[in-house]
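# Survey of secondary and tertiary structure
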Amino acid sequence: MSKGKILVTGGTGFIGSHTTVELQNAGYDVVIIDNLSNSNADVVDGIERITGVRPVFVEGDCTDISTLTRLFEQNPGIQGIINFAASKAVGESVQKPIMYYRNNINILLNLLELMPRFDTRGFVFSSSCTVYGEPDQNPITEDAPTKKATSPYGATKQICEDIIRDVIRSGSPIKAILLRYFNPIGAHPTAEIGELPNGVPQNLVPYLTQTAIGIRKELSVFGNDYNTPDGSCIRDFINVCDLAKAHVRALDRMLNNESDDALETFNIGTGQGLSVLQLIDAFQRATGVEVPHRIVGRREGDIEQIWADPYRANHILGWKADTSIEDTMRSAWKWQQRIRERGLM
Ligand code: UD1
């Protein structure tokens, strides 16, 4: 029996597609809306190959409220929403701030406005550890103060969190969970879905796997003079399938009324900090493939070190990351090889 119908905005993207798989595996029916601005409709086939179920797919833009209204009318009974639809490149957001504020905030406002009208109760928001800025101490808890965002992208995450807080405070009947992701990496172990960045990757792992397969000559390590044991930055790298499962738990929690709080926030990370150099080493050990790399200067705007205190997610949400970094690296590598086999890059 179905556990309910969930709308996944941005469902053909990296995290959205993995979350759709986990939702379907858990017994939810999924409706995806995506404008394919940074993904491909073939992803729906990959989801179907993994789960045996084809989610409903609507190609459309969530900034357009009439498109969304039609979607709700044509798919009655949507109980929850997971909102992944957003622009997400830090560097691009500095170049195109209006686009970032317009997209990310309008999408949220449209969804929050339509939810009570269609009796949709639960909302999961994709937030980011970027809301913390440079932490005063690690691991960082959800109660740490948020600091001024270092990019328009980060600012939209902070503003969206505030909007959700205000809407709930105003007496809206909805419940919401903010999931603050750390650094999502890896791919589904079947290599049917994964991350497919447009152009030259900005993020570490896609750049690393493209270097390993020979598309890029060498990986630049941005700085080895940070105040960390090996001098490179430290992050909390979270497996994307583990991350996807946190969304299923968040929805279960809201739809089963497991908490009296209308708004909750959880850090979604492993609790382990790994440096950039340690990550490269983990990849090489897990796959046996060398990654040519070279230390270069620092990248502007980078945080020195941040990793999660996932206590609340572990003990209150009932979720824990359990994939090893080696398995995650192998999944990323298998996906990179699959991209080549399919001639996608
Ligand atoms: C950033 C955002 C985060 C967002 C994520 C995905 C901030 C503070 N963080 O994370 O909110 O969710 O992007 O878009 O805005 N690195 C290299 N060489 C490379 C690429 C990266 O050394 O070629 C290093 C970076 O300097 C950094 C680490 O790898 O120390 C991780 O970088 P990246 O994957 O881009 O993610 P973040 O910047 O941590």
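Residues numbered from 1 in each chain as written. Predicted model: local features only at pLDDT ≥ 70, side-chain atom pairs only at ≥ 80, totals over all residues. Heavy atoms only, no water.

## What about the sheet that holds strand β2 (residues 29-34)?
Pairing is parallel across the open sheet formed by 7 strands, whose spatial order is β3-β2-β1-β4-β5-β6-β11. Pairing within the sheet leaves two strands with one partner each, and these edge strands are β3 (56-59) and β11 (263-268). Each strand axis lies, on average, 20° off the axis of its neighbour in the sheet, ignoring direction. Strand contacts of helix α8 (residues 240-255): β1 (5-9), β4 (78-83), β5 (122-128), β6 (175-181) and β11, with the helix running at about 160° to β6, the strand carrying the most contacts. (Pairing = 2+ DSSP bridges. Helix = DSSP H or I, 4+ residues; strand = E, 2+ residues; numbered from the N terminus. Axes fitted to C-alpha atoms, helices over the stretch in contact; angles between N-to-C directions. Contact = heavy atoms within 4.5 Å.)

## Focus: the site of the ligand
Close to the ligand lie 19 residues; Ser128, Leu204, Ser220, Arg235 and Asp302 are nearest. Within the backbone of phenylalanine 222, a nitrogen or oxygen atom sits 3.0 Å from an oxygen atom of the ligand. The separation between an oxygen atom of the ligand and a polar side-chain atom of aspartate 302 is 2.5 Å. Within the complex, 91% of the 750 Å² of free accessible area of the ligand lies under protein. The biggest single contributor to the shell around the ligand is strand β8 (residues 219-222), with 4 residues. Across the shell around the ligand, the residue classes break down as 9 nonpolar, 6 polar and 4 charged. (Near = heavy atom within 4 Å. Polar contact = N/O pair within 3.5 Å; in protein donor to acceptor, adjacent residues only side chain to side chain. Areas by Shrake-Rupley, 256 points an atom, 1.4 Å probe, with all protein chains shown as cover. Nonpolar A, V, L, I, M, F, W, Y, C, P; charged D, E, K, R; others polar.)

## Here's the deal with the pairing of β4
Along any regular strand the residues' side chains alternate between the sheet's two faces. Of all the 6 residues making up β4, 5 are buried; the element is thus mostly covered by neighbouring parts of the structure. Alignment of β4 against β5, held across 4 bridges, turns out to be parallel. Of the residues in β5, the one forming a bridge with isoleucine 81 is phenylalanine 123. (Buried < 20%, exposed > 50% of the residue type's maximum accessible area, 1.4 Å probe, protein only.)

## Digging into the packing of aromatic side chains
Applying the stated criterion across every chain yields a total of 2 aromatic pairs. A ring pair is formed by phenylalanine 283 and tryptophan 333, whose centres lie 5.8 Å apart and whose planes are at 85°; its orientation type is edge-to-face. Of the two residues, phenylalanine 283 sits in helix α9 (residues 276-287) while tryptophan 333 sits in helix α11 (residues 325-341), which places them 50 residues apart along the sequence. Each member of the pair, phenylalanine 283 together with tryptophan 333, is buried. Lying over the aromatic face of tyrosine 226, arginine 298 brings its terminal NZ or CZ to 3.9 Å of the ring centre. (Phe/Tyr/Trp six-rings, centres within 6.5 Å; stacked < 30°, edge-to-face > 60°. Lys NZ or Arg CZ within 6 Å of the ring centre and 35° of its normal.)

## Digging into the packing of helix α1 (residues 14-25) against α8
Where α1 meets α8, the closest approach of the two axes is 8 Å, and the angle between their N-to-C directions is 60°. Taken together, the axes of α1 and α8 lie oblique to each other. Between α1 and α8 the crossing geometry is right-handed. Between α1 and α8, the residues in contact are Phe14, Ile15, His18, Thr19, Glu22 and Leu23 and Val240, Cys241, Leu243, Ala244, Lys245, His247, Val248 and Leu251, respectively. (Parallel < 35°, antiparallel > 145°, perpendicular 65-115°, else oblique. Left-handed = near helix turned anticlockwise from the far one by under 90°.)

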